[in-house]
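Each chain, written out:
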Amino acid sequence: MHDGTSSETASEDSWFWIAQIEPYEGESISHYFGRFRHYELNSVSAPTPLSDAAGIGFALSRWEKFRFNPFPSRRELAAMAKLVGLDAERLLAMFPPKGIPTVNRSTRLCGACYAEAPYHRMEWQFETTKGCDRHQLRLISRCPACDEKIPLSSDWENGQCSKCGMRFRTMAKKQKRY
């Protein structure tokens, strides 16, 4: 899978370079911005400088934690989309549909899906999503090896448990069928 980079731009009123990162199909807003911030050409290590540059307060920090109340406004979406070089509708597609409740107490994943394409899907955070229909596996929110909570997808630089190092892609063999 490629890194999704398509171009580099500099924001006139910011001190960092921004490389445009293309979102993956169904990618969560949290994972996208984590990937965006961790990309080697972007010198932004936390959500606050991006939110400040876009003029949207602490919105990005909330989005990375799957907190969508209040739901992003058109102004917030337009400002952030402009900053990262995406169309506002493309950015909006990484959020849950308005009114769909999400789990924000924990990050959930399907290890089998992650092994096929290593990124977090927004649908895994929907309260109504209990398992992966594709693999018939229950979603997990804790490492099956050490019981550590799966970190926020914005922090998934290495795709592994932050405590014991178990790789997300290998967790599928420990997931229960549903």
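Here the structure is a predicted model, which is why all the values come from computation and not from measurement.

A look at the overall build of the protein
Part 1 of the reasoning: The secondary structure content of the protein amounts to six helices and four strands.
Part 2 of the reasoning: Along the chain direction, N to C, the helices and strands of the protein fall in the order β-β-α-α-α-α-α-α-β-β.
Part 3 of the reasoning: Looking at the 178 residues of the protein, the share that counts as buried comes to 50%.
Part 4 of the reasoning: Excluding contacts between residues fewer than 6 apart, the proportion of contacts in the protein whose partners are at least 24 apart in sequence is 55%.
Part 5 of the reasoning: Carbon and sulfur atoms make up 48% of the accessible area of the protein, which amounts to about 9400 Å² in all.

Concerning the environment of Ala 172
Part 1 of the reasoning: You can see Ala 172 is positioned in the segment after strand S4 (137–138).
Part 2 of the reasoning: Spatially, the C-alpha atom of Ala 172 lies 5.0 Å from that of Ala 112, the residues being 60 residues apart in sequence.
Part 3 of the reasoning: Setting aside its immediate chain neighbours within four residues, Ala 172 contacts Gly 111, Ala 112 and Leu 137.

Overview of the packing of aromatic side chains
Part 1 of the reasoning: The tally for this structure, following the rule as stated, stands at 10 aromatic pairs.
Part 2 of the reasoning: Judged by centre distance (5.5 Å) and plane angle (75°), the ring pair of Phe 68 and Phe 95 falls under edge-to-face. Note that Phe 68 is positioned in the loop between helix H3 (59–64) and helix H4 (74–84) and Phe 95 in the loop between helix H5 (88–92) and helix H6 (111–116), a separation of 27 residues in sequence. This pair shows no difference in class: Phe 68 is buried, exactly as Phe 95 is.
Part 3 of the reasoning: In this structure, Arg 121 packs its charged tip against the face of Tyr 119, placed 4.0 Å from the ring centre.

Some remarks on the nonpolar core
Part 1 of the reasoning: Among the nonpolar cores identified, the biggest contains 28 residues, and Ile 29, Tyr 32, Phe 33, Leu 50, Trp 63, Met 80 and Leu 91 are the most heavily contacted of them.
Part 2 of the reasoning: Elements with a contribution of two residues or more to this core: strand S2 (17–21), helix H1 (29–38), helix H2 (47–54), H3 and H4.
Part 3 of the reasoning: At six residues, the largest contribution of residues to this core is made by H4.
Part 4 of the reasoning: Look past the residues within four positions of Trp 63 in its chain and what remains in contact with it is Ile 29, Ser 30, Ile 56, Phe 68, Pro 72, Glu 76, Met 80 and Phe 95.

Observations concerning the environment of Pro 72
Part 1 of the reasoning: Mapping Pro 72 onto the fold places it in the loop between H3 and H4.
Part 2 of the reasoning: Each C-alpha atom of the pair Pro 72 and Lys 98 lies 9.3 Å from the other, and the pair is 26 residues apart in sequence.
Part 3 of the reasoning: Look past the residues within four positions of Pro 72 in its chain and what remains in contact with it is Trp 63, Leu 77 and Phe 95.

A closer look at the packing of H2 against H4
Part 1 of the reasoning: Where H2 contacts H4, the axes come no closer than 9 Å and their chain directions differ by 110°. The orientation of H2 relative to H4 falls into the category roughly perpendicular. Packed against H2, whose contacting residues are Leu 50, Ser 51, Ala 53 and Ala 54, the element H4 presents Ala 79, Met 80 and Leu 83 at the interface.
Part 2 of the reasoning: Grouping the constituent residues of the contact of H2 with H4 by class yields six nonpolar, one polar and no charged.

Examining the state of the cysteines
Part 1 of the reasoning: For the structure shown, the criterion picks out zero disulfides.
Part 2 of the reasoning: Free of any disulfide, Cys 146 has its nearest cysteine sulfur in Cys 161, 3.6 Å distant.
Part 3 of the reasoning: Here Cys 164 is not disulfide-linked; the sulfur of Cys 143 is the nearest cysteine sulfur, at 3.6 Å.
Part 4 of the reasoning: Overall, Cys 164 belongs to the partly exposed group, its relative accessible area being 41%.

Definitions and limits used
- Residues numbered from 1 in each chain as written.
- Predicted model: local features only at pLDDT ≥ 70, side-chain atom pairs only at ≥ 80, totals over all residues.
- Heavy atoms only, no water.
- Helix = DSSP H or I, 4+ residues; strand = E, 2+ residues; numbered from the N terminus.
- Buried < 20%, exposed > 50% of the residue type's maximum accessible area, 1.4 Å probe, protein only.
- Contact = heavy atoms within 4.5 Å.
- Areas by Shrake-Rupley, 256 points an atom, 1.4 Å probe, with all protein chains shown as cover.
- Phe/Tyr/Trp six-rings, centres within 6.5 Å; stacked < 30°, edge-to-face > 60°.
- Lys NZ or Arg CZ within 6 Å of the ring centre and 35° of its normal.
- Core = buried A, V, L, I, M, F, W, Y, C linked by side-chain atoms within 4.5 Å.
- Axes fitted to C-alpha atoms, helices over the stretch in contact; angles between N-to-C directions.
- Parallel < 35°, antiparallel > 145°, perpendicular 65-115°, else oblique.
- Nonpolar A, V, L, I, M, F, W, Y, C, P; charged D, E, K, R; others polar.
- Disulfide = S-S within 2.5 Å.

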